[in-house]
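Okay, here's what each chain looks like letter by letter:
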Amino acid sequence: VQPPGMGALSSNPTDGIGAQLTRLAQYVSPALGEYFLAVGVKFNSFRVLDAFALLVLRLNTNSMHFFIDLLGVATLKVPSESPEILAFIRLNIRASIDPQAGVILIQAQLTPESWLIAPECHLQGGVAYGLWLLGENAGDFVYCVGGYHPHFRLPAHYPRVPRLGFSWSISDAVSIKGDLYYALTPIAAMAGGHLSANWHSGDLKAWFNLGIDLLIQWKPFHYEASAYIEIGA
């Protein structure tokens, strides 16, 4: 994908090479002793899932530090060949592996174009998986869908994950939104979800809100659970 602001690249490989390299330098800075290899692939699965993946291998010969990065975009359209689409989901995916530091990190996040049932029903959120094999965080891991419990003390090395949820303006008078999350670590497990709906017509308003949050920790042992339901007019 051509970065924004670069302008059109010439079809002639010998035309303006210096100018093109100058433009590329703001995105890929040259450094002595650093090498990289990039391989991209685009594929389609049953005409439902379109995906593009870019594998980047980086090597710093000064420190002999080796990195593996995977960047990707996956688009799901259901049904694939019908004008009446029920879902359009697009994910940005990034995976990073640092063998020397012993760190594996995989993240995926919904883009703003994603929706379900109707284009007005917007989807958001992400998922993440992290594993630390070496160093001060050796033995630590995290699997997270939609973020963490509000009272969980998030370690600095854990990925920040936005809430998995939806927001739907059904009409000018009715709107509904909800979210959920789940996370598992070596010391804690947590889950929760929230749903709210609002209706208004002139000076009349009505609403309801409900939610639940659960957190269990065993180092040190601690648990808490909270739930609420609110109905108003």
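1. Details of the pairing of strand E1 (residues 34-45)
Two strands pair when backbone bridges link them, and E1 and strand E2 (residues 49-60) are joined in this way by twelve bridges, in the antiparallel orientation. Looking at the pairing, Val 39 lines up with Leu 55 of E2. If you look at the hairpin formed by E1 and E2, you'll find three residues sitting between the two strands, and Phe 46 has a positive phi there, around 55°.

2. What about the nonpolar core?
Counting residues in hydrophobic clusters, the biggest one holds 13 residues, and the most contacted among them are Val 142, Cys 144, Tyr 148, Phe 152, Tyr 158 and Met 190. Apart from residues no more than four positions distant in its own chain, Tyr 158 is found in contact with Trp 132, Asp 140, Phe 141, Val 142, Tyr 148, Phe 152, Thr 185 and Pro 186.

3. Observations regarding the confidence of the model for the chain
Within the chain, residue pLDDT values average 87, and 88% of them lie at 70 or more. Put simply, helix H1 (residues 17-24) is where the chain has its lowest mean pLDDT, 65, and strand E9 (residues 141-145) is where it has its highest, 97. Below pLDDT 50 for its whole length, residues 1-10 participates in 14 contacts with residues either more than four positions away or in separate chains.

4. Side note on the pattern of salt bridges
This model, assessed by the stated rule, comprises three salt bridges. Notably, a salt bridge pairs Arg 90 with Glu 113, separated by 3.9 Å at the nearest N-O pair. Of the two residues, Arg 90 is situated in strand E4 (residues 87-98) and Glu 113 in the loop between strand E5 (103-110) and strand E6 (115-116); the sequence distance between them amounts to 23 residues. Among the ionic pairs, Arg 163 bridges to Asp 179, the shortest N-O distance being 4.0 Å. Here Arg 163, found in the loop between E9 and strand E10 (164-169), pairs with Asp 179, found in strand E11 (residues 174-184); they are 16 residues apart in sequence, far enough to count as distant. Relative accessible area serves as the criterion here: at 25%, Asp 179 is assigned to the partly exposed category.

5. Remarks on the side chain of His 65
Locating His 65 in the fold gives a position in strand E3 (residues 65-78). You can call His 65 buried: its relative accessible area is 17%. Of note is the side chain of His 65, whose polar atom sits 2.8 Å from the side chain of Asp 98. If we skip the residues at most four places from it in the chain, His 65 touches Arg 58, Leu 59, Asn 60, Asp 98 and Gln 100.

6. Quick look at unusual backbone geometry
Note: most residues except glycine have negative phi, and most peptide bonds are trans. Backbone torsion omega between Val 78 and Pro 79 reads -15°, so that peptide bond is classified as cis. With respect to the element layout, Pro 79 can be found in the loop between E3 and E4. Cis geometry marks the peptide bond from Lys 219 to Pro 220; its omega dihedral reads -5°. By the element assignment, Pro 220 lies in the loop between strand E13 (204-218) and strand E14 (221-232).

7. Looking at the packing of aromatic side chains
Within this structure, the stated rule accounts for five aromatic pairs. With 6.2 Å between their ring centres and 65° between their planes, Tyr 143 and Tyr 182 make a pair best called edge-to-face. In this pair, Tyr 143 sits in strand E9 while Tyr 182 sits in strand E11, placing the two residues 39 residues apart along the sequence. The exposure class of Tyr 143 is partly exposed, given its relative accessible area of 39%. Residue Tyr 182 is classed as partly exposed on the basis of its relative accessible area of 33%. Members of the aromatic cluster, each reached through a chain of ring pairs, are Trp 132, Tyr 148, Phe 152 and Tyr 158. Its guanidinium or amino end placed over the ring of Phe 67, Arg 58 lies 4.4 Å from that ring's centre, counting from NZ or CZ.

Here is what the cut-offs are and how they apply
- Residues numbered from 1 in each chain as written.
- Predicted model: local features only at pLDDT ≥ 70, side-chain atom pairs only at ≥ 80, totals over all residues.
- Heavy atoms only, no water.
- Pairing = 2+ DSSP bridges.
- Helix = DSSP H or I, 4+ residues; strand = E, 2+ residues; numbered from the N terminus.
- Core = buried A, V, L, I, M, F, W, Y, C linked by side-chain atoms within 4.5 Å.
- Buried < 20%, exposed > 50% of the residue type's maximum accessible area, 1.4 Å probe, protein only.
- Contact = heavy atoms within 4.5 Å.
- pLDDT = per-residue confidence, 0-100.
- Salt bridge = Lys/Arg side-chain N within 4 Å of Asp/Glu carboxyl O.
- Polar contact = N/O pair within 3.5 Å; in protein donor to acceptor, adjacent residues only side chain to side chain.
- Phe/Tyr/Trp six-rings, centres within 6.5 Å; stacked < 30°, edge-to-face > 60°.
- Lys NZ or Arg CZ within 6 Å of the ring centre and 35° of its normal.

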